[in-house]
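Spelled out from the first residue to the last, the chains are:
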Amino acid sequence: MEGEMMMNCPACGKEMKAGKIAYAPQAGIHFLPPGVQHLPRVVTKWGIKKQGGIVLDGPSNLGLLESDGTLPAYLCQQCRKIIVEY
């Protein structure tokens, strides 16, 4: 990703991975690495991982709700950053 900023983890100081957060109803929320522009047409855990992504929540293999649909997160409104725990 051109012009991306490098960021160190505020907890351990190691360099954080750049990417995108992608969400689609019934598909869940995912972290996509640089170069992956969007979710595939059919979203599966295997398909996301195959692209180098990380499944943060969903999709369920059986269409059943596996979690309450939330993830712990910390927001800084001043610098417009969110840290999400998965």
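Residues numbered from 1 in each chain as written. Predicted model: local features only at pLDDT ≥ 70, side-chain atom pairs only at ≥ 80, totals over all residues. Heavy atoms only, no water.

(A) Fine view of the state of the cysteines. Throughout the structure, instances matching the rule amount to zero disulfides. Note on C9: no disulfide assigned, nearest cysteine sulfur contributed by C12 at a separation of 3.9 Å. Here C76 stays free of any disulfide, with the sulfur of C79 as its closest cysteine sulfur at 3.3 Å. (Disulfide = S-S within 2.5 Å.)

(B) Summary view of the sheet that holds strand β1 (residues 20-24). Reading across from one edge, β1-β2-β3 is the order of the three strands in this open sheet, with antiparallel pairing throughout. A strand with exactly one partner marks an edge of an open sheet, and here the two such strands are β1 and β3 (54-57). The mean inter-strand angle of the sheet, taken between neighbouring strand axes irrespective of direction, is 30°. Bridge count for β1 against strand β2 (residues 28-32) is five bridges, and the pairing is antiparallel. Directly across from A22, in β2, lies its bridge partner H30. (Pairing = 2+ DSSP bridges. Helix = DSSP H or I, 4+ residues; strand = E, 2+ residues; numbered from the N terminus. Axes fitted to C-alpha atoms, helices over the stretch in contact; angles between N-to-C directions.)

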